[in-house]
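# Overview (structure and organization)
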Amino acid sequence: MAATFFGEVVKVRSRAVTEEEEDEEEPWAPDNLEDREVRRELERKREVEVLQTQTNLSLEIPLLEQYPCSKFIMAIGNNAVAFLSSFVLNSETWEEIGSTKLWNEWCRTTDTTNLSPTDAFCVFYCLKSDPTVFLCQCSCYVAEDQQYQWLEKVFWSSPNRNLQITVLTSRHVTEYKTPESSCNLPSPFLKALKTQSFQDAACCTLLEQPNIVHDLPAAVLSYCQVWKIPAILYLCYTDIMKLDLVTIEAFKPILGSKSLKGLVENVPHDTEILKKLVTTNEIQSNIYT
Amino acid sequence: MEARYDRAITVFSPDGHLFQVEYAQEAVKKGSTAVGIRGTDIVVLGVEKKSVAKLQDERTVRKICALDDHVCMAFAGLTADARIVVNRARMECQSHKLTVEDPVTVEYITRFIATLKQRYTQSNGRRPFGISALIVGFDDDGIPRLYQTDPSGTYHAWKANAIGRSAKTVREFLEKNYTEDTIATDSEAIKLAIRALLEVVQSGGKNIELAIIRRNQPLKMFSAKEIESQVVDIEKEKEEAEKKKSKKLI
């Protein structure tokens, strides 16, 4: 832009800019409008919503602002979810309060407007006897661009410092960096990563450098570290990523931790539920024998 | 960094890895456990049976296959790959018998399978077989043999070994419990195989399949009842051992 002698502001023509480039700068060209529309549509599709079970309506405020929370236990991935389902979650003592609906390329469901209750990917429960204790079962993949949204919609922007968060997840043993060969590793095995403000002892050894945590567990831990919330992640390295009894049982040391104390159900009964869960899943696949 | 070297089977990575072969070894770990034991006068193969769907015919889901009258094998890994390897091995056994007028030795057929597997680690456009096999049998000299092959095409003779999921746990159990006493008699060797599998099989005897070959006798598959009675005996022995232990403590 440049000012003329008469005070008007004109656009300066640049000799470096060709005719075609000038056309592209035109903001209302039909191509740009369509691109923008597509981008907006995609953003809408990828929006993360938290629905309240009672009303089936989207929550306007973060979940933990709506419901005060002192303990938040989260399972990410099918093995961690199966572990909590068998050993902690029991329909009589826990009540479903909400779920998150989200879509990304990894989801199998194509219609995102009419997701049924069984399609809910992250389900939140609260303990009937103590409604400040929350459980989250997350069996879907939350993409990188959706993780911040998920955190915003679930956790408060000014969280309660009395909140304690426990996350359970699993990862393939080949992603574990160690000088030893992965054949010699006693998989499945548990590793822990905690925030600075977490004072209690972990139920297993801490995750050594240069190993890093990925995806939603990393996002949750980062959030907790920033807001100085005591949080611990239990990461199970396993050689079987599908639902597997041995992997699920590797989480058992956590049952003795402070986070899960008082929440554990009858253990032999739980083992039965676990076997049923795994067998139902196993029968479907004939690729490996 | 590995990603650049793991697409083509015929490409080594700068640090000497053949990633496709290593990934094939991961596929083996997805199969259920199989254990092989070489006794004095017996060879035993035990496998963890996969749960079968209600409408599926159980006979079509087999992990133990006879290659000839005196040789059999158990595998862990990709079912379809195993079928191809077993078919080729069976043909080779018959071809050898017709050509040389002698049955194959266990080592010969193991070497044949291992060579087949190795060829697929060095060919363009093919991928390695995603199975490990335990091959057992008796040679003409009456000596029992147990061999193990893996996707890379290597083979080794073993006294006892395990493959598949939780193979490490079973191998550790065998290292502790395989002694001259535990393989002194046929029944002890069979019990050792079942005990090793019970370390990792969750639902007990009904998910175990067992096969034995005795010297100069054909392959024998155990029925579910026979396995169950072995499991009951093992559990009794365990209880008695525990009672003795607690008495000693007192």
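The structure reproduced in this document is the subject of the present report. As the structure is a prediction and not an experimental result, all values here were calculated from the model.

## Let's talk about the overall build of chain B
- A tally of regular secondary structure across chain B gives 6 helices and 10 strands.
- The buried share among the 250 residues of chain B stands at 48%.
- Long-range contacts, defined as pairs at least 24 residues apart, comprise 61% of the intrachain contacts of chain B with a sequence gap of at least 6.

## A short note on the pattern of salt bridges
Residue and element names in this part refer to chain B.
- Inspection of the entire model under this criterion finds 21 salt bridges over all chains.
- A salt bridge links Asp 68 to Lys 97, with the nearest nitrogen and oxygen atoms 3.2 Å apart. Taken as a pair, Asp 68 in strand S3 (residues 64-68) and Lys 97 in helix H2 (residues 79-100) lie far apart in primary sequence, 29 residues in all.
- A relative accessible area of 28% means that Lys 97 is categorised as partly exposed.

## Some details on the nonpolar core
Residues and elements named next belong to chain A.
- Ranked by internal contacts, the top residues of the largest apolar core, which has 48 residues, are Phe 72, Trp 150, Phe 155, Ile 165 and Val 220.
- Looking at this core, the elements that each hand over two or more residues are helix H3 (63-66), strand S4 (71-76), strand S6 (122-127), strand S7 (133-138), helix H5 (144-154), strand S8 (164-172), helix H6 (215-226) and strand S10 (231-238).
- With 7 residues, the top contributor of residues to this core is H6.
- Each residue touching Ile 165, except ones within four places of it in the same chain, is listed here: Phe 72, Phe 155, Val 220, Cys 224, Ile 229, Pro 230, Ala 231 and Ile 232.
- If you look at the next biggest cluster of nonpolar residues, it comprises 32 residues, including Phe 83, Leu 89, Leu 190 and Ala 192.

## Comments concerning the interface of chain B and chain A
- Each partner contributes residues to the interface: chain B has 21 residues there, and chain A has 23 residues.
- It is Lys 30, Lys 50 and Gln 202 of chain B that lose the most area in chain B upon contact with chain A, and together they represent 31% of the buried surface on that side.
- Our count for the contact surface shared by chain B and chain A stands at 0 salt bridges.
- Along the contact surface separating chain B from chain A lie 4 residue pairs in polar contact (both at pLDDT 80 or more).
- Listing elements by their share of the side of chain B that touches chain A, those giving two or more residues are helix H1 (19-28) and strand S4 (71-77) of chain B.
- Ranked by residue count, the leading element in the side of chain B that touches chain A is S4 of chain B, at 3 residues.
- Looking at side-chain class alone, the side of chain B that touches chain A contains 6 nonpolar, 8 polar and 7 charged residues.

## Considerations on the sheet that holds S4 of chain B
Residues and elements named next belong to chain B.
- Taken in spatial order, the 5 strands make up an open sheet running S3-S4-S5-S6-S7, and their pairing is antiparallel. Each end of this open sheet is capped by a strand with a single partner; those strands are S3 and strand S7 (155-157). Pairwise comparison of adjacent strand axes, ignoring direction, gives a mean angle of 25 degrees for this sheet.
- Relative to S7, strand S6 (residues 144-149) is paired through 3 bridges, and the arrangement is antiparallel. Residue pairing for S7: Gln 148 is matched across the bridge by His 156.
- The sheet contacts of helix H3 (residues 106-119) involve S3, S4, strand S5 (131-138), S6 and S7, and relative to S5 the element is tilted by about 165 degrees.

Analysis parameters
Residues numbered from 1 in each chain as written. Chains lettered and ligands numbered in written order. Predicted model: local features only at pLDDT ≥ 70, side-chain atom pairs only at ≥ 80, totals over all residues. Heavy atoms only, no water. Helix = DSSP H or I, 4+ residues; strand = E, 2+ residues; numbered from the N terminus. Buried < 20%, exposed > 50% of the residue type's maximum accessible area, 1.4 Å probe, protein only. Contact = heavy atoms within 4.5 Å. Salt bridge = Lys/Arg side-chain N within 4 Å of Asp/Glu carboxyl O. Core = buried A, V, L, I, M, F, W, Y, C linked by side-chain atoms within 4.5 Å. Buried area = accessible area lost by both parts, 1.4 Å probe. Polar contact = N/O pair within 3.5 Å; in protein donor to acceptor, adjacent residues only side chain to side chain. Nonpolar A, V, L, I, M, F, W, Y, C, P; charged D, E, K, R; others polar. Pairing = 2+ DSSP bridges. Axes fitted to C-alpha atoms, helices over the stretch in contact; angles between N-to-C directions.

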